[in-house]
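# Remarks on the overall topology
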Amino acid sequence: MKKNYIVIMGDIVSSKQINNRAKVQDKLRDVLKDINLKYKASIASNFMISLGDEFQGLITSPKEIFNIIGDIEAKIAPVKIRFSVGIGTVATEVVATSSIEMDGTAYHRARQMLVELKEIEGQYTSPQTNILLKSHVKNMTVDGLINSLLASNYALKSKWTDRQVEVIQAYLNHNQNQYQTAAFLDIAQPNVSKSLSNAKFYTYISAIKAIEAFLVSEGEWADE
């Protein structure tokens, strides 16, 4: 059985329409450096800009997929990012410092999902999701269910106010403890609870935890 890896690819949405595009790219480089440091234990090949406004990285733990994506989203906001996740093998040597020349089913699947995301965006007046995942060819039904959950979560996130986003990020950064979050934001704990409830955050996070639990349990899929 071959070892599975996880490729996360990202791409800045409508990058050519962004003012100070070079400044945004510089910020993205800094964000990716922070990600490489924070998640060092789970990163097999560092996150880095790979092509134009695209970036990619290789990780070993499905537990960190949405933590990494969430951190990048929060730190690069208000710039929007589309993400693709490919789970599979790596056919070439794993190089910790750069994954640009690496290849394998994990990379092929991530690339396929990134292309599909762009195609979906072209079919609608507004984005329907910003994350697509592809694992094993025999798990298309499961992948479809996962991507449906991710689309539902995107619908929830798209309605979050700036204040709710601030509270949620603080909550996630403080061990999901409402009292620590309240102290950090200098507000009352009931206000934290109300923000999380109004944002339907616990519905959102339960979907993420369900996906993570499934991917962890199926993490040793043989790849063909």
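Residues numbered from 1 in each chain as written. Predicted model: local features only at pLDDT ≥ 70, side-chain atom pairs only at ≥ 80, totals over all residues. Heavy atoms only, no water.

To continue, consider the environment of Ile-81. With respect to the element layout, Ile-81 can be found in strand E4 (residues 81–88). By relative accessible area, which is 4% here, Ile-81 ends up buried. With 62 residues separating them in the primary sequence, Ile-81 and Asp-143 have C-alpha atoms 21 Å apart. When sequence neighbours within four positions are dropped, the list of residues in contact with Ile-81 reads Gly-10, Asp-11, Ile-12, Val-13, Phe-55, Ile-76 and Asn-130. (Helix = DSSP H or I, 4+ residues; strand = E, 2+ residues; numbered from the N terminus. Buried < 20%, exposed > 50% of the residue type's maximum accessible area, 1.4 Å probe, protein only. Contact = heavy atoms within 4.5 Å.)

Pairing is possible between side chains that carry opposite charge, provided their charged atoms lie close to one another. Taken as a whole and assessed by the stated rule, the structure comprises eight salt bridges. The salt bridge involving Asp-71 is made with Lys-38; its shortest N-O contact spans 2.8 Å. One end of the pair, Asp-71, is in helix H2 (residues 65–76); the other, Lys-38, is in helix H1 (residues 21–38), with 33 residues separating them in the sequence. In this structure, the salt-bridge partner of Lys-157 is Glu-73, at a minimum N-O distance of 3.1 Å. One end of the pair, Lys-157, is in helix H4 (residues 140–157); the other, Glu-73, is in helix H2, with 84 residues separating them in the sequence. (Salt bridge = Lys/Arg side-chain N within 4 Å of Asp/Glu carboxyl O.)

With that settled, the discussion passes to the packing of H1 against H2. One way to put it is that H1 packs onto H2 with a least axis distance of 10 Å and a crossing angle of 145°. Crossing hand, H1 versus H2: right-handed. Of the residues in H2, those touching H1 at Val-24, Lys-27, Leu-28, Val-31, Leu-32, Asp-34, Ile-35 and Lys-38 are Ile-68, Asp-71, Ile-72, Lys-75 and Ile-76. Classifying every residue of the contact of H1 with H2 by side-chain character gives eight nonpolar, no polar and five charged. (Axes fitted to C-alpha atoms, helices over the stretch in contact; angles between N-to-C directions. Left-handed = near helix turned anticlockwise from the far one by under 90°. Nonpolar A, V, L, I, M, F, W, Y, C, P; charged D, E, K, R; others polar.)

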